[in-house]
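Structural description and commentary
Okay, here's what each chain looks like letter by letter:
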Amino acid sequence: IMQSSESIVTVCFNSSLLRYGGDIAVGAMTILTSVMQFAMLPLQGVGQGSQPIISYNYGAGLMRRGRKALRMALGTAALCGAAAFGFTWLCSPWIVGLFLTPDAPAYAIAVQGLPWFAAGYPFFGINVVTIGYYQSIERGRLATGLTVLRGIVLMTFCFLLLPRIAGVTGIWLAVPVAEALETLLLVYLLRSRRFAFA
């Protein structure tokens, strides 16, 4: 489901950019998605690495250790995401310069859009860890529902709404806003006794 949702995001990205920014903006988007793959590697690694640890402790009835592992994973993912965002924000011209020369038409669009897009990295890390956590404690339906909500429903909603409000900038912000909305929901669920670690 996560892989298919990434495909849907790409389709939404392309169609929105073609409508509001043209072919040059689509070219800039390829840079963003390439950079995103590197930023997501440690975040997905934290999420996937924490799953067997949380699952083992849940199965063994070691709830305190499971909660500690979850907190560590959430903190690490948030820190890695914030570091990736900070680096991207500060070094956006240099990063885009790895792909384009400053006189290229897509250069300015990519330099402007990359920091906005990167604002979603901390939220992405938290979301991946939390959804993986629910898979680890045998809440598969909830995890699947959250994945569909994050990757399809919220993304599509943001791609339809935000470009009408903010143009091309709204397209760059669609993914971070969708991730942030998902994070708000997950924080609520984690604080709720019904959905938290037993």
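Now for a look at the structure at hand.

Procedures and definitions
Residues numbered from 1 in each chain as written. Predicted model: local features only at pLDDT ≥ 70, side-chain atom pairs only at ≥ 80, totals over all residues. Heavy atoms only, no water. Patch = residues over 30% accessible without salt bridge, like charges linked within 9 Å, V, L, I, M, F, W, Y side chains within 5 Å. Areas by Shrake-Rupley, 256 points an atom, 1.4 Å probe, with all protein chains shown as cover. Salt bridge = Lys/Arg side-chain N within 4 Å of Asp/Glu carboxyl O. Lys, Arg positive; Asp, Glu negative; His and termini not counted. Charge placed at Lys NZ, Arg CZ, Asp CG, Glu CD. Helix = DSSP H or I, 4+ residues; strand = E, 2+ residues; numbered from the N terminus. Buried < 20%, exposed > 50% of the residue type's maximum accessible area, 1.4 Å probe, protein only. Core = buried A, V, L, I, M, F, W, Y, C linked by side-chain atoms within 4.5 Å. Contact = heavy atoms within 4.5 Å. Expected span 1.5 Å × (residues − 1).

1. With respect to a positive patch on the surface
Where like charges cluster on the molecular surface, the positive patch consists of Arg 64, Arg 65, Arg 67, Lys 68 and Arg 71. Its place among the elements puts Arg 67 in helix H3 (residues 63–90). Classification of Arg 67 by relative accessible area gives partly exposed; the value is 32%.

2. Observations concerning the nonpolar core
One finds Phe 13, Leu 17, Phe 117, Tyr 121, Phe 159 and Val 175 to be the most contacted residues of the largest nonpolar core, which totals 38 residues. Where this core is concerned, the elements lending two or more residues are helix H1 (2–20), helix H2 (22–60), helix H4 (92–97), helix H5 (105–118), helix H6 (121–136), helix H7 (140–166) and helix H8 (168–191). The biggest single contributor to this core is H2, with 11 residues. Once you skip the residues sitting within four places of it in the chain, Phe 13 turns out to touch Met 29, Phe 117, Phe 159, Ile 171, Trp 172 and Val 175. Among the nonpolar cores identified, the runner-up in size contains 16 residues, and Ile 54, Tyr 133, Tyr 134 and Ile 137 belong to it.

3. Focus: H3
Its 28 residues place the ends of H3 40 Å apart at the C-alpha level, agreeing with the 40 Å of an ideal helix rising 1.5 Å per residue. The set of residues buried in H3 consists of Gly 66, Ala 69, Leu 70, Ala 73, Leu 74, Ala 77, Gly 81, Ala 84 and Thr 88. Buried positions along H3 lie against H2, H4, H5, H6 and H8.

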